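Descriptive structure summary
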Amino acid sequence: MQARLQDRVAVITGAGSGIGLATARRFASEGAKVVAVDLNPDAGKAAAEEVGGEFVAADVADEQAVKALFDGVAERYGRVDIAFNNAGISPPDDDSILDTGLEAWERVLKVNTTSVYFCCKYAIPHMRAQGKGSIINTASFVALLGAATSQIAYTASKGAVLSMTRELGVQFAREGIRVNALCPGPIATPLLMELFAKDPERAARRLVHVPMGRFGEPEEIAGAVAFLASDDASFITASTFVVDGGITGAYVTPL
């Protein structure tokens, strides 16, 4: 594996499973020093131990916890090179706007959008001080498409991440800080597989729209994150980086 991230300090939220865990493995394989952040101590510790990194337990929806996270990383390692703001939720009570209550709406927005705001807010000052940094915010292909099978809060939260990312990517471009939004398609994460195992018809209804005919794998998304974090993406900022098996480009999919 090419060591594109050799000795760079990378903070990954939601590192205990799915895309976060796959990215922790990929970053470590490319030479990065990984700080694995998760609310689940068992999963987070296991991820950190596997990649020879550090585990930090933090609720990314808590502003003071996020500030302490990035300040602590900068104090211990001397810098913050990469922030992969990936933590998010998709709870079952987030459904059609007709059925989704205010509590579910606010909870999803807090975890999926406000946490990204906090992570950017407290990572950027350290990156400004060193004159360089890469931030990757996890959005979603659902921010680019409408769906009749709605998860209204999740969709809105990811659309907000896209807009915020563009703004930050433009604002800090001349200070050496790149900020990009990653838009995965449907990925075979434990969260998605658990949801679809309970409702195979729901899974089939989604899968038919993917030109490649399958869900993506966390490792395929991790490869995209590693690219965006590396100098190979040195002229990419304020972008919507779509890794979705072709779903956002499709009208009729192959038989």
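Computed from a predicted model, the values in this text were never measured in an experiment. (Residues numbered from 1 in each chain as written. Predicted model: local features only at pLDDT ≥ 70, side-chain atom pairs only at ≥ 80, totals over all residues. Heavy atoms only, no water.)

Concerning the overall build of the protein chain
Worth spelling out the cut-off: Secondary structure elements are taken from DSSP: a helix is a run of H or I of four residues or more, a strand is a run of E of two residues or more, and numbering for both begins at the N terminus. Radius of gyration: C-alpha atoms only; globule rule: 2.2 Å multiplied by the number of residues to the exponent 0.38. Think of it in three bands: with a 1.4 Å probe and only protein chains considered, a residue is buried below 20% of the maximum accessible area for its type, exposed above 50%, and partly exposed in between. We call two residues in contact when some of their heavy atoms are within 4.5 Å.
On a plain count of helices and strands, the protein chain comes out with 8 helices and 7 strands. A compact globule built from 255 residues would reach a C-alpha radius of gyration of about 18 Å, and the protein chain, at 17 Å, matches this within 12%. The principal-axis extent of the C-alpha atoms belonging to the protein chain is close to 50 × 40 × 35 Å. In the protein chain, which comprises 255 residues, the proportion classed as buried is 49%. Here the analysis covers contacts within the protein chain between residues at least 6 apart in sequence; of these, 72% occur between residues at least 24 apart.

Let's talk about the side chain of S140
How we decide: For the purposes of these results, a polar contact is taken to be a pair of N or O atoms within 3.5 Å, where, inside protein, one atom must be able to donate a hydrogen and its partner to accept one; residues adjacent in sequence count only when each atom of the pair is a side-chain atom.
Mapping S140 onto the fold places it in the loop between β5 (133–138) and α5 (152–171). Since its relative accessible area comes to 4%, S140 is described here as buried. Among the polar contacts made by the side chain of S140, one reaches the main-chain amide nitrogen of V142 at a distance of 3.1 Å. Contact partners of S140, with chain neighbours within four places excluded, come to Y154, K158, L182, C183 and P184.

Things to note about the environment of E75
Here E75 is to be found in helix α3 (residues 63–77). Residue classification places E75 among the exposed residues on the basis of a relative accessible area of 70%.

Observations concerning the nonpolar core
Put simply, the rule is: To qualify as a nonpolar core, a set must consist of buried Ala, Val, Leu, Ile, Met, Phe, Trp, Tyr and Cys residues joined through side-chain atoms within 4.5 Å.
Ranked by internal contacts, the top residues of the largest apolar core, which has 34 residues, are V11, V37, F70 and I135. Only β1 (9–13), β2 (33–38), α3, α4 (102–130), α5 and β6 (177–184) provide two or more residues apiece to this core. Core analysis: the second largest hydrophobic core is formed by 25 residues, F84, I187, I221 and A229 among them.

All quantities given are derived from atomic positions and should not be read as evidence of function.
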